[in-house]
Amino acid sequence: MSTKKLLILPGDGIGPEVMREVARVTAWLSRKRDITFEIDEDLVGGASLAEYGVPIRDEVIEKARTADAVLFGSVGDPAWSHVGFDKRPEVAILKLRQELGLFANLRPAKVFDALVDASTLKADVIKGLDIMIVRETVGGIYFGEPRGIETLPNGEKRGINTEVYTTSEIERVARVAFDLARKRNNSVCSVEKCNVMESGLLWKEVVTDLHAREYSDVKLSHMLADNCAMQLVRNPAQFDVIVTGNLFGDLLSDLASMLTGSLGMLPSATLGAVQEDGRRPALYEPIHGSAPDIAGQGIANPIAQILSFAMLLRYSFDLQTEADMIEAAVAAVLATGLRTADIMSPGLARVGTDVMGEAIVRELDKM
Ligand code: IPM
Ligand code: MG
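Residues numbered from 1 in each chain as written. Chains lettered and ligands numbered in written order. Predicted model: local features only at pLDDT ≥ 70, side-chain atom pairs only at ≥ 80, totals over all residues. Heavy atoms only, no water.

1. Notes on the state of the cysteines
(1) Moving on: Taken as a whole and assessed by the stated rule, the structure comprises 0 disulfides.
(2) Moving on: No disulfide involves C194; its sulfur sits 12 Å from that of C189, the nearest cysteine.
(3) Moving on: Considering cysteine sulfurs only, C189 is the nearest to C228, which forms no disulfide, with 5.6 Å between them.
(4) Moving on: Looking at C228, the relative accessible area reads 0%, which means it is buried. (Disulfide = S-S within 2.5 Å. Buried < 20%, exposed > 50% of the residue type's maximum accessible area, 1.4 Å probe, protein only.)

Okay, structure coming up:
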């Protein structure tokens, strides 16, 4: 394999500490599997604001553009919550998604057998659960115009955001969902609110047409977003792949992730379109945020960040064996009873971030 360029952006809060555990895994890859990366690292979010006065520099966006893959930590810092929207730490991830055209966010919600009891749902409801949410990430109400806060003639203020989707935006993300379903359980549930929103009506029409034209071998169903939230809690096992817009995907993926017991467990991949030269821009990040309340204490769960790295190996570098090994190592460590605070159950061994990272690499060493 030629040397692959990796850009690492740890970000804020627990980002840097969980990212440190990934370094153990990259070290293991080079030691045991002869796989090395050209790694560059930079600041984003509050960390970048503090140093450079902006949540992300153009230079960093350029680096992300030329990297073979980006591994992102998390952004968000209460110190910057009072500033305008363009100066929020969160702008870093939103800009990366938009500038690199990362339109399809893959968020798996998979339950590890060892963690069945960590879920707030009954074990028989979530055992063996394996859902993939495909969330559109560069359109919809996050980016739609007009937007803003205006002052009305009577002095009152009005906040505006606009939900917009075009045919091509819907089609390309639906294609990702159908393609994934073919490699999984061959079923897609498309989620919108066509009962109240025109953009939802179009979403449903476009997905239905695309399905009839190109994917009639895949089972397709449609669901209203509120019902989907309810069904995810009532009977999550009915779902295989869920495809939905930006805002509903944001909500439903947090909901789905909690079925698995902890936000600290789940990785995600955000993919762009395949370029003419065959490259596909891609960014990998845990679903959890920067968790400022526990940052710096060494107690954060590094598993979502490590599994995000495994996804990176799988989707960007086609290193299926190594990705499988990392996922198996995580499962093995959990089976031995080690737990970070967020997934702790009575009678098990509570460990910190670094001990968890070390334990995962020790399992890898045994393979
Ligand atoms: C996510 C996060 C982001 C989003 C924030 C940090 C802007 O919640 O990735 O789900 O809303 O997309
Ligand atoms: Mg979110």
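2. Structural notes on the nonpolar core
One recurring pattern in soluble globular proteins: nonpolar side chains tend to sit buried together.
(1) Moving on: L106, V134, F309 and L313 are the most contacted members of the largest nonpolar core, which has 89 residues in total.
(2) Moving on: Here the element with the most residues in this core is helix α10 (residues 303-317); it accounts for 9 residues.
(3) Moving on: Mapping this core onto the domain boundaries places at least three of its residues in each of domain 1 (1-103 + 272-367) and domain 2 (106-262).
(4) Moving on: The residues touching L106, leaving out its near neighbours within four places in the chain, are M132, I133, V134, V176, L180, P267, S268, A269, L271, M311 and Y315.
(5) Moving on: Residues I61, V75, L96 and L100 belong to the second largest nonpolar core, which totals 17 residues. (Core = buried A, V, L, I, M, F, W, Y, C linked by side-chain atoms within 4.5 Å. Helix = DSSP H or I, 4+ residues; strand = E, 2+ residues; numbered from the N terminus. Domains from an automatic or database assignment. Contact = heavy atoms within 4.5 Å.)

3. Here's the deal with the pattern of salt bridges
(1) Moving on: Applying the stated criterion to the full structure yields 27 salt bridges.
(2) Moving on: The partner of R97 in a salt bridge is E285, and the shortest N-O contact between them spans 3.2 Å. Taken together, the residues span a long stretch of sequence, with R97 in helix α4 (residues 91-99) and E285 in strand β12 (residues 282-286) at a distance of 188 residues.
(3) Moving on: E171 is the partner of R213 in a salt bridge, and the nearest nitrogen-oxygen pair spans 2.9 Å. Here the residue R213 occupies a position in helix α7 (residues 198-214), and E171 occupies one in helix α6 (residues 167-183), the gap between them amounting to 42 residues.
(4) Moving on: Connected through salt bridges with shared partners, the residues D40, D42, R57, E59 and K63 form a single ionic network. (Salt bridge = Lys/Arg side-chain N within 4 Å of Asp/Glu carboxyl O.)

4. What about the site of ligand 1?
(1) Moving on: In the vicinity of ligand 1, the contacting residues are E90, L94, R97, R107, R135, Y142 and D250.
(2) Moving on: One of the side-chain N or O atoms of R135 is found 2.8 Å from an oxygen atom in ligand 1.
(3) Moving on: Alone, ligand 1 offers 320 Å² of accessible surface; in the complex the protein occludes 76% of this.
(4) Moving on: Of the residues in the shell around ligand 1, the class split is 2 nonpolar, no polar and 5 charged. (Near = heavy atom within 4 Å. Polar contact = N/O pair within 3.5 Å; in protein donor to acceptor, adjacent residues only side chain to side chain. Areas by Shrake-Rupley, 256 points an atom, 1.4 Å probe, with all protein chains shown as cover. Nonpolar A, V, L, I, M, F, W, Y, C, P; charged D, E, K, R; others polar.)

5. Brief notes about the pairing of strand β5 (residues 130-136)
(1) Moving on: Here β5 lies mainly inside the structure; 6 of its 7 residues are buried.
(2) Moving on: Two elements, strand β4 (residues 104-110) and β5, share 7 bridges in a ladder whose sense is antiparallel. Bridge pairing links L106 to V134 in β5.
(3) Moving on: Two strands pair when backbone bridges link them, and β5 and strand β10 (residues 241-244) are joined in this way by 4 bridges, in the parallel orientation. Counted as the bridge partner of V134 is V243 from β10. (Pairing = 2+ DSSP bridges.)

6. Some details on the pairing of β10
(1) Moving on: Burial along β10 is two-sided: the face carrying V241 and V243 and the face carrying I242 and T244 are both buried.
(2) Moving on: Pairing geometry for strand β8 (residues 187-192) and β10, over 4 bridges, is parallel. If you follow S190 over to β10, its bridge partner there is V243.

7. Description of the UniProt feature "binding site: Mg(2+)" (unreviewed entry) in the protein
(1) Moving on: Feature annotation in UniProt assigns "binding site: Mg(2+)" (unreviewed entry) to the following positions: D226, D250 and D254. Across 29 residues in sequence, these annotated residues keep their C-alpha atoms within 14.0 Å of one another, forming a single compact spot.
(2) Moving on: Mapped onto the secondary structure, D226 falls in helix α8 (residues 225-234).
(3) Moving on: The partly exposed category is assigned to D226, whose relative accessible area is 46%.
(4) Moving on: Within the fold, D250 resides in helix α9 (residues 246-259).
(5) Moving on: Beyond its immediate stretch of four places on either side in the chain, D250 contacts R107, R135 and Y142.
(6) Moving on: Of note is the side chain of D250, whose polar atom sits 3.0 Å from the side chain of Y142. (UniProt positions renumbered as here; feature names shortened; annotations may be inferred.)

8. What about the domain arrangement of the protein?
(1) Moving on: If you check the domain split of the protein, you get domain 1 (1-103 + 272-367) and domain 2 (106-262).
(2) Moving on: Inter-centroid distance (C-alpha atoms) of domain 1 to domain 2 is 23 Å.
(3) Moving on: On the side of domain 2, 21 residues touch domain 1, which itself brings 19 residues to the contact.
(4) Moving on: Carbon and sulfur atoms make up 69% of the surface buried where domain 1 meets domain 2, a total of about 1,800 Å² over both sides.
(5) Moving on: Among the residues domain 1 hides against domain 2, the three largest losses belong to R97, F103 and I287. Together they make up 39% of the total.
(6) Moving on: In this structure, the connection of domain 1 to domain 2 is made through 0 salt bridges.
(7) Moving on: Counting across the domain 1 and domain 2 interface gives 3 residue pairs in polar contact (both at pLDDT 80 or more).
(8) Moving on: Counting residues per element, the ones that place at least two in the side of domain 1 that touches domain 2 are α4, α10 and α11 (320-335).
(9) Moving on: Here the side of domain 1 that touches domain 2 takes 5 residues from α11, the largest share from any one element.
(10) Moving on: Classifying every residue of the side of domain 1 that touches domain 2 by side-chain character gives 12 nonpolar, 2 polar and 5 charged. (Buried area = accessible area lost by both parts, 1.4 Å probe.)

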